[in-house]
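Reading the structure
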Amino acid sequence: MPAQTGVIDSFLGVFQPKAGRADLFLFFRAVNNDLIDTYQLKSLDGLAEARLEKIGITQRKEKSSRRAGTQNKAKLYLTLKKHIQHQEKKNSSDVSGEEMPGYHIDNFSMRKPYDRVIRCLGFRFNFSVFDSSACPPISDNAKGRLPGVTPWYEGMNTPGLFVLGTAAHSRDYRSSAGGFVHGFRYTVRAVHRVLEQRYHSNLWPSTKLLTTQLQSWILKRLSEASGPYQMFQVLGDVILLRGSHCEYVEEFTLQALPQFSSVSGHEVSEHGLIVLVMQYGNNKIDFLGRSRAETDWTKAWKSNFLHPVLYYYDTLPTEEDMRLRPTGWPLPRPKAMHHMVEDFLAEWDTPISHIQPLRRFLEHCVQTDLRAFYAESCFRSSLTHRKPPLFCQQGYLKRQGVAHNTQLWQQVHGAGLMPTEQETGKTSGSDPAFPNYLAQAGASVSSGLKLDF
Ligand SMILES: Cc1cc2nc3c(=O)[nH]c(=O)nc-3n(C[C@H](O)[C@H](O)[C@H](O)COP(=O)(O)OP(=O)(O)OC[C@H]3O[C@@H](n4cnc5c(N)ncnc54)[C@H](O)[C@@H]3O)c2cc1C
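Note that the structure is a prediction, hence the values are computed from the model and not measured. (Residues numbered from 1 in each chain as written. Predicted model: local features only at pLDDT ≥ 70, side-chain atom pairs only at ≥ 80, totals over all residues. Heavy atoms only, no water.)

Some thoughts on the packing of helix 4 (residues 214-224) against helix 8 (residues 351-366)
Between helix 4 and helix 8, whose axes approach to 10 Å, the crossing angle comes to 130°. In this view, helix 4 runs oblique relative to helix 8, as classed from their interaxial angle. Crossing angle aside, the handedness with which helix 4 passes helix 8 is right-handed. Where helix 4 approaches helix 8, its residues L214, Q215, I218 and L219 are matched on the opposing element by I355, L358, R359 and L362. (Axes fitted to C-alpha atoms, helices over the stretch in contact; angles between N-to-C directions. Helix = DSSP H or I, 4+ residues; strand = E, 2+ residues; numbered from the N terminus. Parallel < 35°, antiparallel > 145°, perpendicular 65-115°, else oblique. Left-handed = near helix turned anticlockwise from the far one by under 90°. Contact = heavy atoms within 4.5 Å.)

Overview of unusual backbone geometry
Even without glycine at this site, S201 takes up a positive phi of about 55°. Secondary-structure assignment places S201 in the loop between helix 3 (181-200) and strand 7 (206-210). The phi dihedral of E251 falls on the positive side, at around 55°, and the residue is not glycine. Mapped onto the fold, E251 is located in strand 9 (residues 245-253). Overall, E251 belongs to the buried group, its relative accessible area being 3%. (Buried < 20%, exposed > 50% of the residue type's maximum accessible area, 1.4 Å probe, protein only.)

Comments concerning the pairing of strand 9
Regular strands have side chains that alternate between both faces of the sheet. Taking burial as the measure, the nine residues of strand 9 include seven buried ones, the bulk of the element. As defined by bridge partners, strand 7 adjoins strand 9 across five bridges and the pair is classed as antiparallel. The residue bridging L209 from the neighbouring strand is C246, located in strand 9. Bridge analysis of strand 8 (residues 235-241) against strand 9 gives six bridges, and the strand direction is antiparallel. Directly across from L235, in strand 9, lies its bridge partner T253. Linking two consecutive strands that pair antiparallel, namely strand 8 and strand 9, is a turn of three residues; a positive phi of about 85° is found at G243 within it. (Pairing = 2+ DSSP bridges.)

A closer look at the site of the ligand
Taken together, eight residues lie near the ligand, and T166, G179, V181, H182 and F184 sit nearest. Within the backbone of T166, a nitrogen or oxygen atom sits 2.9 Å from an oxygen atom of the ligand. G179 places a polar main-chain atom, nitrogen or oxygen, 3.0 Å from an oxygen atom of the ligand. Against a free-state accessible area of 990 Å², the protein chains account for coverage of 26% of the ligand. Its residues assigned to classes, the shell around the ligand shows three nonpolar, four polar and one charged. (Near = heavy atom within 4 Å. Polar contact = N/O pair within 3.5 Å; in protein donor to acceptor, adjacent residues only side chain to side chain. Areas by Shrake-Rupley, 256 points an atom, 1.4 Å probe, with all protein chains shown as cover. Nonpolar A, V, L, I, M, F, W, Y, C, P; charged D, E, K, R; others polar.)

Here's the deal with the state of the cysteines
Tallied over the full model, the rule gives one disulfide. Between the sulfur of C378 and that of C392 lies a disulfide, 2.1 Å long from S to S. On the S-S bond that ties C378 to C392, the torsion sits near -80°, and the link is left-handed. Here C378, found in helix 9 (residues 375-384), pairs with C392, found in helix 10 (residues 390-394); they are 14 residues apart in sequence, far enough to count as distant. Of the two residues examined, C378 and C392, each falls in the buried class. (Disulfide = S-S within 2.5 Å.)

Notes on the packing of aromatic side chains
Scanning the model with the defined rule gives seven aromatic pairs in all. Consider the rings of F125 and F127, whose centres lie 4.8 Å apart with planes at 75°: the pair is edge-to-face. Between F252 and F260 the ring centres are 4.8 Å apart and the planes differ by 65°, which places this aromatic pair in the edge-to-face class. Accessibility expressed as a relative area gives 0% for F252, which makes it buried. Taking relative accessible area as the criterion, F260 reaches 0% and is therefore assigned buried. Cluster of aromatic residues (ring-pair linked, three or more members): F125, F127 and F130. It is K220 that lies over the ring of W217; its NZ or CZ is 5.2 Å from the centre. (Phe/Tyr/Trp six-rings, centres within 6.5 Å; stacked < 30°, edge-to-face > 60°. Lys NZ or Arg CZ within 6 Å of the ring centre and 35° of its normal.)

Things to note about the layout of surface pockets
Unfilled space is identified by rolling a water-sized probe across the atoms. Considering only enclosed or pocket space, the second largest pocket measures out at about 800 Å³ in volume. Here the lining of the second largest pocket is composed, by residue class, of 13 nonpolar, 13 polar and six charged. The residues that make up the lining of the second largest pocket include at least three from each of domain 2 (127-199) and domain 3 (205-366). (1 Å grid on protein atoms, 1.4 Å probe; cavity = no way out; pocket = protein on both sides within 12 Å on 5 of 7 lines; lining within 4 Å. Points joined across faces, edges and corners; volume = space filled by probe spheres on them. Domains from an automatic or database assignment.)

Notes on helix 4
When you tally the buried positions in helix 4, you get eight out of eleven residues, the bulk of the element. Looking only at helix 4, the buried set comprises L214, Q215, S216, W217, I218, L219, R221 and L222.

A short note on the sheet that holds strand 8
Read from one edge to the other, the open sheet built from six strands follows the order 7-9-8-10-11-12, with strand pairing classed as antiparallel. The sheet is open, and its two borders are formed by strand 7 and strand 12 (336-339), each paired with just one other strand. Neighbour to neighbour, the strand axes of the sheet diverge by 20° on average, direction disregarded. Across four bridges, strand 8 lies against strand 10 (residues 273-279) in antiparallel orientation.

Quick notes on the pattern of salt bridges
The full count for this structure, using the stated rule, is 13 salt bridges. Here E250 ties to R221 by a salt bridge, and the two come within 3.2 Å at their closest N and O atoms. In this pair, E250 sits in strand 9 while R221 sits in helix 4, placing the two residues 29 residues apart along the sequence. Accessibility expressed as a relative area gives 9% for R221, which makes it buried. (Salt bridge = Lys/Arg side-chain N within 4 Å of Asp/Glu carboxyl O.)

Looking at the side chain of Q197
Tracing the backbone through its elements, the reader meets Q197 in helix 3. Beyond its immediate stretch of four places on either side in the chain, Q197 contacts N202, L203, W204, S262, V263, S264 and G265.

As structure tokens, then:
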């Protein structure tokens, strides 16, 4: 039988000696569905479900006759520790026949020998490289396996010493992807930005946006950003509100939010900030059960799978706020919060379920109308209102903007995004496929405007 690798979660994997060579694997990680197939369907592999403390791997010399003469070849056996006599005095793995389980139970499933044992039981961080004066403490968070680090990955009590890679996984142990290169490559980049700011006074890179562009920028990030998606609940985008414009800071380490200004070099204004986080629901559910996913945007907060959540704060949360945040939350309770309903395609760009509720939330945070308008509407509004909508102020009144034309109008109607006059006139909202709020929102169709930068 060719050597096979099996990956078993919390099981001891045993590759059965069907013919020829047999390998015994002890592999504690991830999932491998193939193993179930080769175990239960094809009888090639097996699973022994026992705690490691209860088993022992022993070696016995067996006589095998060959033409050249009799040879003593050592074979490996799996036995139960309870059968091994005088365990404490034993300094060799050799055992007598009586110490083998087969002596006590003749059909013991692991009674045949194995040629090799591969140990794959994980690792503990080796602290011996550090002098005691520079040794980071052991984190409580990862069963004592890893060093304790700050939210910006500096060893706790060891300023200037940073821990990166798998070794930094204590911050998100079993809750995000920091144990794997597909996740920690983004936190490594975040630490690079921390160092740039601290040692070279280079601000975290940011993008200055008009507030009317914010929604489109968020939608663009949601469809492209890898850091918050992979390092979910650990990295998030911070949007610094500044009235008519905002500063967009990407992939900040969320747990460092109370120290945002010193770590990033950016100040928070009296307008506050929004943090965009990708997160899972906190409910314990059957992830293959019938009602596992939420599709109704009005119940977006019940989403179970990865989905965007926006936190609005009028001031930076304090360290105490962070410490006392609700269990399972990546950030403290904000002043306002918005969940964008989970999406099977991981595309948060549909007008009704995603974009419009997002716009309403942003409008609530910045206390202004964020709809987009055609030039004609801006013209009318400029004549009839003291202060036309922000979009008109930042576009039409600066000699920019899109003129309304018949072709555009037809496209919008053709796509079914706007109500016909009859629909708005009659019992608005009676058609469940076209709810009330959309008709009232009027220009919502253009709120997902694509921007050219
Ligand atoms: C089987 C397997 C499959 C995986 N699949 C994936 C995957 O699909 N996607 C994914 O993102 N991640 C995957 N991972 C995880 C990923 O490989 C690791 O997270 C990543 O390699 C860790 O990188 P690192 O630089 O932190 O540590 P390592 O890659 O372990 O690098 C540490 C280095 O330090 C060296 N070293 C250790 N001690 C000393 C010392 N005292 N002196 C000098 N050098 C020393 C080691 O030799 C090693 O080269 C997988 C891991 C395994 C084991």
